[in-house]
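# Examination of the molecular architecture
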Amino acid sequence: METGVYPNLEAAVSAARPGDTILIAAGGTHVACNIQIKKPICIMGGGELPDDTVLTCSRGSDNALEFLSTCKIANLTIRAELGCCLLHRSGRLTIQECLLQCEQNPLDYLSFPIISTAIEYNSFPALKEQGHGVTVVRTRIEGGAKAVRTNGTLALQHVRAIYSRSSVFFWFEVGEK
């Protein structure tokens, strides 16, 4: 066993320290189901394109990745069969150059690429100063009832989209109302 090499993403997240970057090897499909991330880390795909590194969340899971801290993900494809790709609960989440895919099916109202449920905690001034939000940069979003569902005190802001024949690239933020 090599130092710093882990059998799956969940083990790598558990071993990571705040500020670490987890590089996921390109090729193959990696399973990501209900992985909670409670520390500030960066998760990056190891390929040249987001399609080279795929995280799959199987049916029966609520989400692929759940963020409870300030984090960044980049250069990944995340597929959710039912549920959401990314569940943002608190902190600042940056999604850069990714592909988020939700399957379209009769239960489409349950499928969202991004769900943010962050709320303002008046009793915790340290959290209020940090703020909560999601920033999406040059990311393709496919499937689901809507690209983003927000609850709590966050709302969609600064939306930009570029349409091409094969896809739509988004830039937007989810921030305090």
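Up top is the structure.
Overview of the structure.

Conventions and cut-offs
- Residues numbered from 1 in each chain as written.
- Predicted model: local features only at pLDDT ≥ 70, side-chain atom pairs only at ≥ 80, totals over all residues.
- Heavy atoms only, no water.
- Helix = DSSP H or I, 4+ residues; strand = E, 2+ residues; numbered from the N terminus.
- Buried < 20%, exposed > 50% of the residue type's maximum accessible area, 1.4 Å probe, protein only.
- Contact = heavy atoms within 4.5 Å.
- Areas by Shrake-Rupley, 256 points an atom, 1.4 Å probe, with all protein chains shown as cover.
- Polar contact = N/O pair within 3.5 Å; in protein donor to acceptor, adjacent residues only side chain to side chain.
- Pairing = 2+ DSSP bridges.
- Axes fitted to C-alpha atoms, helices over the stretch in contact; angles between N-to-C directions.
- 1 Å grid on protein atoms, 1.4 Å probe; cavity = no way out; pocket = protein on both sides within 12 Å on 5 of 7 lines; lining within 4 Å.
- Points joined across faces, edges and corners; volume = space filled by probe spheres on them.
- Nonpolar A, V, L, I, M, F, W, Y, C, P; charged D, E, K, R; others polar.

### A closer look at the overall build of the protein chain
Helices and strands together make up the secondary structure of the protein chain, namely two helices and 16 strands. The proportion of buried residues among the 177 residues of the protein chain is 44%. Sequence-distant contacts, at least 24 apart, represent 58% of the contacts inside the protein chain between residues at least 6 apart. Accessible surface, the protein chain: about 9,200 Å² in total, of which carbon and sulfur atoms supply 51%.

### Side note on the environment of Arg-89
Of note, Arg-89 is situated in the loop between strand S9 (84–88) and strand S10 (92–96). We classify Arg-89 as partly exposed; its relative accessible area is 33%. Sequence-wise, Arg-89 and Phe-67 are 22 residues apart; in three dimensions their C-alpha atoms are separated by 5.8 Å. Every residue in contact with Arg-89, bar those within four places of it in the chain, is listed here: Glu-66, Phe-67, Leu-68, Thr-117 and Ala-118.

### Points about the side chain of Thr-77
The topology assignment puts Thr-77 in strand S8 (residues 77–80). Polar side-chain contacts of Thr-77 include one of 3.4 Å to the side chain of Asp-51. Discounting residues that sit within four places of it in the chain, Thr-77 has contacts with Pro-50, Asp-51, Thr-53, Val-54, Leu-55, Leu-99 and Gln-101.

### Remarks on unusual backbone geometry
You will see that Asn-75, though not glycine, has its phi angle at about 60 degrees, which is positive. When you line up the elements, Asn-75 lands in the loop between strand S7 (71–74) and S8. If you check the backbone angles, Arg-138 has positive phi at about 45 degrees while not being a glycine. Within the secondary structure, Arg-138 is located in strand S13 (residues 133–142). Relative accessible area serves as the criterion here: at 41%, Arg-138 is assigned to the partly exposed category.

### Topic: the sheet that holds strand S3 (residues 35–37)
Here we have five strands laid out as an open sheet, ordered S3-S6-S9-S12-S14, and parallel in their pairing. Only two strands of the sheet have a single neighbouring strand rather than two, namely S3 and strand S14 (148–150). Strand-to-strand, the axes of this sheet are offset by a mean angle of 15 degrees, without reference to chain direction. By the bridge criterion, three bridges tie S3 to strand S6 (residues 63–67) in an arrangement that is parallel.

### As for the layout of surface pockets
Computed from the structure, the largest pocket encloses a volume of approximately 400 Å³. If you list the elements that add at least two residues to the lining of the largest pocket, you get helix H1 (9–15), strand S1 (21–24) and strand S2 (29–31). The element that contributes the greatest number of residues to the lining of the largest pocket is S1, accounting for four residues. Here the lining of the largest pocket is built from residues that sort into 12 nonpolar, four polar and two charged. Computed from the structure, the second largest pocket encloses a volume of approximately 160 Å³. For the second largest pocket, the full set of lining residues is Leu-49, Pro-50, Asp-51, Asn-75, Glu-97, Cys-98, Leu-99, Arg-138, Arg-140 and Phe-169. Tallied by class, the residues present in the lining of the second largest pocket amount to five nonpolar, one polar and four charged.

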